[in-house]
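# Overview (structure and organization)
One letter stands for each residue in the lines below.
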Amino acid sequence: HFSLPYNTSMGLNIRRIDMQMRSMCFTSYGLILKRVIFSDGMLNYLTNTSNVASAPNQNLARETLELYTVGLNNFTETDVDQASLLLTGLFKGWDTPAAQQNAARWGGVYPCIDSSTHYYGRVRICGLNYANGPNDPAVRTSLDSWLQRMANHPATAANVVNALCRRFVSDDPPPSLVNALVSTYLANHSAITPVLTQLFNSQEFLDSAGTKLRRPNEYFLAMYAAGAPQLSINLSTLYEVPMGDTL
């Protein structure tokens, strides 16, 4: 669901996200969303390091709304502008004392704020207001509230559930299954385990046995594991190191 490039300069950042994602995959989408958005890799990849109050950069805000949460037709350009302001001044937050103290709430990454480049003041995103100030703790509260609300939005639920159903059931999943899983997602505040439990116990999943194909890279790696361990592989050419082209 999340995309990051693999290259030598970002490899460590991606590796960190990969390890965190593996430990968080059965928590909630809200927590995973925060963990990725505030990571070094995503802040760098989507150029939020140049997002400052005097010249807002929309990249991270737009991708968060369009790709990672509510999707197209569920936000406006004004929402993108306002979300960009909320995200101004954020920078790397790895391994800080605050990150350690707030690991449960922020998924191990605590958003660090450059007060000289952050925009302070009320913003309105997708019909909801966020104080975004007057100080950094209040900004973090607004960031937390915004991403939690986006993670628990019905449109986000539909996007996440459709992705899971396409992965495990069918490229064109039955609407009845999707609707049932969306209800479970929302009732459990974006928790992943109840959704997967219901999905894997559904008749639609059982009936899909033998109908889904492995992805090309999965075929290749399975062949390698089964019978060709002497092969020398540059996994970066597969765009699968270590997290993959999509999570």
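Quick caveat: nothing in here was measured; it's all calculated off a predicted structure.

Relative to each other, helix H9 (residues 154–168) and helix H10 (residues 175–187) sit at 125°, their axes nearing to 9 Å. Accordingly, the angle class assigned to the pair H9 and H10 is oblique. Where H9 crosses over H10, the two elements pack in a sense that is right-handed. Of the residues in H10, those touching H9 at Pro154, Thr156, Ala157, Ala158, Val160, Val161, Asn162 and Cys165 are Leu177, Val178, Leu181, Val182, Tyr185 and Leu186.

What follows deals with H9. Its 15 residues place the ends of H9 21 Å apart at the C-alpha level, agreeing with the 21 Å of an ideal helix rising 1.5 Å per residue. Looking at H9, one finds that the buried residues are Ala155, Thr156, Ala157, Val160, Val161 and Cys165. In this fold, the buried residues of H9 make contact with helix H2 (29–37), helix H4 (59–68), helix H8 (136–151), H10 and helix H11 (192–200).

All right, on to the packing of H9 against H11 then. Packing of H9 against H11 brings their axes to within 11 Å, and their N-to-C directions diverge by 40°. Pair H9 / H11 crosses with right-handed handedness. Residues Val161, Leu164, Cys165 and Phe168 of H9 form the contact with H11, whose own contacting residues are Val195, Leu196, Leu199 and Phe200. Grouping the amino acids of the contact of H9 with H11 by side-chain chemistry returns eight nonpolar, no polar and no charged.

Structurally, methionine 21 can be placed in helix H1 (residues 11–24). Judged by relative accessible area, which is 12%, methionine 21 ranks as buried. Once the C-alpha coordinates of methionine 21 and valine 36 are considered, the two residues, 15 residues apart in sequence, prove to be 8.6 Å apart.

Attention shifts here to unusual backbone geometry. The amide bond that connects glycine 133 to the next residue, proline 134, takes the cis arrangement and shows omega of 10°. Within the element layout of this structure, proline 134 appears in the loop between strand E4 (128–130) and H8.

Our focus in this paragraph is the environment of leucine 181. Along the chain, leucine 181 turns up in helix H10. Residue class for leucine 181 comes out buried when judged on its relative accessible area of 1%. The residues contacting leucine 181, other than those within four sequence positions of it, are Val161, Cys165, Val195, Gln198 and Leu199.

Rules of the game
Residues numbered from 1 in each chain as written. Predicted model: local features only at pLDDT ≥ 70, side-chain atom pairs only at ≥ 80, totals over all residues. Heavy atoms only, no water. Axes fitted to C-alpha atoms, helices over the stretch in contact; angles between N-to-C directions. Helix = DSSP H or I, 4+ residues; strand = E, 2+ residues; numbered from the N terminus. Parallel < 35°, antiparallel > 145°, perpendicular 65-115°, else oblique. Left-handed = near helix turned anticlockwise from the far one by under 90°. Contact = heavy atoms within 4.5 Å. Expected span 1.5 Å × (residues − 1). Buried < 20%, exposed > 50% of the residue type's maximum accessible area, 1.4 Å probe, protein only. Nonpolar A, V, L, I, M, F, W, Y, C, P; charged D, E, K, R; others polar.

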